[in-house]
Amino acid sequence: MILTAFFAALAQMPDRRFRSVLWRGIVLTIALLVAIYAGLLWLIEWLTAEPITLPGVGEVTWVGDLLGWGSLGLMLILSVFLMIPVASAITSLFLDEVAQAVEDKHYPDLSPVPPVSFSDGLRDTINFLGVLIGANILAFVAYAIFPFAAIAIFYALNGFLLGREYFQLAAMRREGRAGAKALRKQHNGTIWAAGCLMALPLSVPLLNLFIPILGAATFTHLYHRLSPG
């Protein structure tokens, strides 16, 4: 069941709406990172607007330039680590479109559902990103205690979180939050296993950018296979 859903989602990846969601996520992520850097430069300029006087040295006017070039290097390094989680979070805002594209192609007889509002999508995205980051920070403690099991812990944890998030996204479109939660608890093992499959490419650069779209599509198929209706 899981592999059938996964390969059906994989076959639809060239879909125009899938690509649209992917590119929007990447472009908005780059725009956000540029905006953060611009804000950082403004803050540096504001803090160093007046020359700094050091004892025995006198006025120092090059601190702003030093901080500016240093912040550029810092931002480039941080972007390597921030690109994936931020892109995934932003892409998640549009995953309702992915689920709709799957249903239009594979389940055309279903009744239409109202789109998820931007405010609801933003709230769910922020909550998920916070849980994902927080859980992985706490997981470092487990990695230190059980280093031999670090890889298994990483995939098991992220598989659980990804499965929980993407199944909830797919199911609540037609079941509501309470119904989606109840269905998820009923099939928790299957959802967790499917989430682990989604977690496998997380450590592969560039490929991990596709995880939100592939996950949303896979779990839309999985929802329709598990739903009693």
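Residues numbered from 1 in each chain as written. Predicted model: local features only at pLDDT ≥ 70, side-chain atom pairs only at ≥ 80, totals over all residues. Heavy atoms only, no water.

Student: Explain the packing of aromatic side chains here, please?
Tutor: Each aromatic ring pair is described using two quantities: the centre-to-centre distance and the angle formed by the ring planes. Overall, the coordinates contain seven aromatic pairs when judged by the stated rule. Taking the centre distance of 5.5 Å and the plane angle of 70° together, the rings of Phe160 and Trp192 count as edge-to-face. Taken together, the positions of Phe160 in helix H6 (residues 150-186) and Trp192 in helix H7 (residues 188-199) put the pair 32 residues apart, joining distant regions of the chain. Between Tyr166 and Phe219 the ring centres are 6.4 Å apart and the planes differ by 40°, which places this aromatic pair in the tilted class. Here Tyr166, found in helix H6, pairs with Phe219, found in helix H8 (residues 211-226); they are 53 residues apart in sequence, far enough to count as distant. Of the two residues, Tyr166 and Phe219, both sit in the buried class. (Phe/Tyr/Trp six-rings, centres within 6.5 Å; stacked < 30°, edge-to-face > 60°. Helix = DSSP H or I, 4+ residues; strand = E, 2+ residues; numbered from the N terminus. Buried < 20%, exposed > 50% of the residue type's maximum accessible area, 1.4 Å probe, protein only.)

Student: I'm lost on the packing of H6 against H8 in this one. Help?
Tutor: For any two helices packed against each other, one specifies the inter-axial angle together with the distance between the axes. Look at H6 against H8: their axes get within 8 Å of each other, and the N-to-C directions meet at 45°. On the basis of their axis angle, the class for H6 and H8 is oblique. For the crossing formed where H6 meets H8, the hand is right-handed. Counted together, Leu162, Gly163, Tyr166, Phe167, Leu169, Ala170, Ala171, Arg174, Glu175 and Leu183 of H6 and Ile211, Pro212, Gly215, Ala216, Phe219, Thr220, Tyr223, His224 and Leu226 of H8 form the full contact between these two elements. Considered class by class, the residues forming the contact of H6 with H8 number 13 nonpolar, four polar and two charged. (Axes fitted to C-alpha atoms, helices over the stretch in contact; angles between N-to-C directions. Parallel < 35°, antiparallel > 145°, perpendicular 65-115°, else oblique. Left-handed = near helix turned anticlockwise from the far one by under 90°. Contact = heavy atoms within 4.5 Å. Nonpolar A, V, L, I, M, F, W, Y, C, P; charged D, E, K, R; others polar.)

Student: Which parts of the structure should I look at to understand the pattern of salt bridges?
Tutor: Between side chains of opposite charge, pairing is possible as soon as their charged atoms come close. Enumeration according to the criterion identifies five salt bridges in this entry. Arg174 is paired through a salt bridge with Glu103; the nearest N and O atoms lie 2.8 Å apart. One end of the pair, Arg174, is in helix H6; the other, Glu103, is in helix H4 (residues 95-106), and 71 residues separate them in sequence. Judged by relative accessible area, Arg174 falls into the partly exposed class, the value being 24%. When salt bridges with common partners are traced through the structure, they connect Asp96, Glu103, Arg173 and Arg174 into a single cluster. (Salt bridge = Lys/Arg side-chain N within 4 Å of Asp/Glu carboxyl O.)

Student: Mind showing me how you'd approach a nonpolar patch on the surface here?
Tutor: A contiguous nonpolar surface patch, about 460 Å² in accessible area, is contributed by Val141, Ile145, Phe146 and Phe148. Secondary-structure assignment places Val141 in helix H5 (residues 118-145). (Patch = residues over 30% accessible without salt bridge, like charges linked within 9 Å, V, L, I, M, F, W, Y side chains within 5 Å. Areas by Shrake-Rupley, 256 points an atom, 1.4 Å probe, with all protein chains shown as cover.)

Student: Is there a simple way to explain H7 in this structure?
Tutor: Each α-helix winds once per 3.6 residues, and so residues spaced three or four apart point in a common direction. Compared with an ideal rise of 1.5 Å per residue, which puts twelve residues at 16 Å, H7 spans 16 Å between its outermost C-alpha atoms and is within 8% of the ideal. Those residues of H7 that sit buried are Ile191, Ala194, Gly195, Met198 and Ala199. One side of H7 holds all its buried residues, which, seen down the axis, span an arc of 150°. The inward-facing, buried residues of H7 contact helix H1 (2-11), H6 and H8. (Expected span 1.5 Å × (residues − 1). Arc of directions from axis to C-beta.)

Nothing here speaks to function; it is all geometry.
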